[in-house]
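Per-entry structural report
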2 protein chains.
Amino acid sequence: MSMRYLSARLAQQIDEELMSAAGAFSIDQLMELAGLACAQTLATVYPRDRYPRVLVCCGPGNQGGDGLVAARHLGMFGYKPQVYMPKPGSKDIYKRLAKQCENMEIPILPPTTDVSDLENALKSTDVIMDAIFGFSFKPPIRAPFDKALPLLAESRLPIVSVDIPSGWDVEEGNKAGLGLNPNVLLSLTAPKLGVKDFTGRHFLGGRFVPKSLEKKFELGLPPYPGIEQIVELDSEDKPGELPM
Amino acid sequence: MSMRYLSARLAQQIDEELMSAAGAFSIDQLMELAGLACAQTLATVYPRDRYPRVLVCCGPGNQGGDGLVAARHLGMFGYKPQVYMPKPGSKDIYKRLAKQCENMEIPILPPTTDVSDLENALKSTDVIMDAIFGFSFKPPIRAPFDKALPLLAESRLPIVSVDIPSGWDVEEGNKAGLGLNPNVLLSLTAPKLGVKDFTGRHFLGGRFVPKSLEKKFELGLPPYPGIEQIVELDSEDKPGELPM
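Residues numbered from 1 in each chain as written. Chains lettered and ligands numbered in written order. Predicted model: local features only at pLDDT ≥ 70, side-chain atom pairs only at ≥ 80, totals over all residues. Heavy atoms only, no water.

In the nomenclature of an unreviewed UniProt entry, chain A corresponds to NAD(P)H-hydrate epimerase from the organism Ephemerocybe angulata. Under the UniProt heading Sequence similarities (unreviewed entry), the note attached to chain A is "Belongs to the NnrE/AIBP family." Under the UniProt heading Function (unreviewed entry), the entry covering chain A gives this text: "Catalyzes the epimerization of the S- and R-forms of NAD(P)HX, a damaged form of NAD(P)H that is a result of enzymatic or heat-dependent hydration. This is a prerequisite for the S-specific NAD(P)H-hydrate dehydratase to allow the repair of both epimers of NAD(P)HX." (UniProt positions renumbered as here; feature names shortened; annotations may be inferred.)

Spelled out as structure tokens, the structure:
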């Protein structure tokens, strides 16, 4: 069975099932495992000794939460992360995750709509983690991300995107041409339709999908190796798509 | 700086700080990372192809929660875990973690004080995970664990204990002789005084202690390798103990 690329609707439905009474996961659990997978992906491709300074860019939604968890684990791995989060999420979990970063002495840029702090931070960055927009993104790109995304792209720094590159449509990809072009992508749970033609290094994370759910949605996930939390997808895994 | 072995009081204090408003961790986060480290430790020593059938023995407290998380990850790793949990914790989190195991089709033995189910389960087990009692254990060993611990010991199966072998005093170790003698031990956060003379393979997990906390309590934790969630302690790490 080949791997299924998810529509926006299906991605949303799987997320809801995982966190329903039947799925029984808390968002804390899923975010912790997702963020760990993000950090491990970046560390696998961009080793600490050559790429110590990571700018973790976080959006206001769940994806930003994954980014904050990733920043903390990157700190644990010995990187020097800093966080760009101009629109902090209002939920309690974001405040707790941000506090955990502070306790790791990870700098968080001041939350302003002025992008000059971002411009400065990029000058002392080796690699970017893009955790800005996730699968629920709908255009237009709102301020200050309308200015931030071009700055990230123009920096020419390597970019690791989480789940869906920021600015891409979850189903149509980067057809509108407004999105980032990351070097590395970590799909979470299962890849989305919009990244089917992604040509960079593509990893899968989110080793928490129970067999029952995998069968129900015919996800056809590839096996993860050993005790790892991420698996790199090769070209053989990529072409698969179930008829809808 | 050598690694510090924690008193019961200090272990409790560190746990409380991690989950305080200042530490900002939720129990869901810490249990997820602890349980993942438990599963990875077992899988590192007892490979799936030779030890597929794991009996995860869970107590009624937080340690039992770590065990449930470990059982789920072991299922993800391709093991065939089953859970012995005769006294399920009453908190909501245990119910959710147990449900997550059910969704992974992991059998949970019926919660009875009769140990005949345990006796039968041991006949089809390759390795035991002991997540029964943690650092807050105080004798006497209550039913049905008073009967269960001897059965586990008599089974002669390899045992991986979580944090402190069940039946051991957190500071005095197994002086009373009532505890298990595991082959492998995973200390969480930092090792406890009672396991200072443990002679089996000893791992450390809980890669979530912020630098500030590590400094405050002078933990002297060894570095974890790369992106790993566990580190094996060797004899050089072991003798260290700070003057109190």
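Broken down by element type, chain A carries 7 helices and 7 strands. Of the regular secondary structure in chain A, the N- to C-terminal order runs α-α-β-α-β-α-α-β-α-β-β-β-α-β. Against the 2.2 N^0.38 benchmark of 18 Å for 244 residues, chain A shows a C-alpha radius of gyration of 17 Å, consistent with a compact globule. Taking all 244 residues of chain A together, the buried fraction comes to 62%. Summarising the internal contacts of chain A: among those between residues at least 6 apart in sequence, 73% fall at separations of at least 24. Side-chain charges in chain A split into 26 positive and 30 negative, and the spacing between the mean points of these groups amounts to 2 Å. (Helix = DSSP H or I, 4+ residues; strand = E, 2+ residues; numbered from the N terminus. Rg over C-alpha atoms; globule rule 2.2 N^0.38 Å. Buried < 20%, exposed > 50% of the residue type's maximum accessible area, 1.4 Å probe, protein only. Contact = heavy atoms within 4.5 Å. Lys, Arg positive; Asp, Glu negative; His and termini not counted. Charge placed at Lys NZ, Arg CZ, Asp CG, Glu CD.)

Residue and element names in this part refer to chain A. It is at 12 Å that the axes of helix H2 (residues 27-45) and helix H4 (residues 92-103) come closest, and there the two elements cross at 45°. The angle between H2 and H4 places the two elements in the oblique class. Pair H2 / H4 crosses with right-handed handedness. Two secondary-structure elements touch here, H2 through Ile27, Asp28 and Met31 and H4 through Ile93, Tyr94, Arg96 and Leu97. (Axes fitted to C-alpha atoms, helices over the stretch in contact; angles between N-to-C directions. Parallel < 35°, antiparallel > 145°, perpendicular 65-115°, else oblique. Left-handed = near helix turned anticlockwise from the far one by under 90°.)

Among the nonpolar cores identified, the biggest contains 144 residues, and Leu74(A), Phe77(A), Met129(A), Leu74(B), Phe77(B) and Met129(B) are the most heavily contacted of them. Setting aside residues up to four positions removed in sequence, Met129(B) forms contacts with Cys38(B), Ala39(B), Leu42(B), Val54(B), Leu55(B), Val56(B), Cys57(B), Ala70(B), Leu74(B), Val160(B) and Val162(B). (Core = buried A, V, L, I, M, F, W, Y, C linked by side-chain atoms within 4.5 Å.)

What follows deals with empty space enclosed by the protein. Counted by the stated rule, this structure contains 2 cavities of 30 Å³ or more. Space inside the largest cavity adds up to approximately 60 Å³. For the lining of the largest cavity, the class distribution of residues is 2 nonpolar, 4 polar and 2 charged. What the second largest cavity holds in volume is close to 30 Å³. Lining the second largest cavity are Asp28(A), Met31(A), Glu32(A), Val69(A), Ile93(A), Arg96(A), Leu97(A) and Gln29(B). Secondary structure elements with two or more residues in the lining of the second largest cavity: H2 and H4 of chain A. When the residues that make up the lining of the second largest cavity are grouped by side-chain class, the tally is 4 nonpolar, 1 polar and 3 charged. (1 Å grid on protein atoms, 1.4 Å probe; cavity = no way out; pocket = protein on both sides within 12 Å on 5 of 7 lines; lining within 4 Å. Points joined across faces, edges and corners; volume = space filled by probe spheres on them. Nonpolar A, V, L, I, M, F, W, Y, C, P; charged D, E, K, R; others polar.)

Below, the discussion takes up the pairing of strand S3 (residues 127-131) of chain B. Residues and elements named next belong to chain B. A large share of S3 lies buried, amounting to 5 of its 5 residues. Covered by surrounding structure in S3 are Val127, Met129 and Ala131 together with Ile128 and Asp130, the residues of both alternating faces. By the bridge criterion, 5 bridges tie strand S1 (residues 53-58) to S3 in an arrangement that is parallel. Bridge pairing in S3 links Val56 to Met129. Bridge count between S3 and strand S4 (residues 159-162): 3 bridges; the pairing is parallel. What sits directly across from Met129, in S4, is Val160. Regarding topology, helix H6 (residues 145-154) serves as the crossover connection from S3 to the parallel S4, and that connection is right-handed. (Pairing = 2+ DSSP bridges. Right-handed = clockwise from strand over helix to strand, strands pointing away.)

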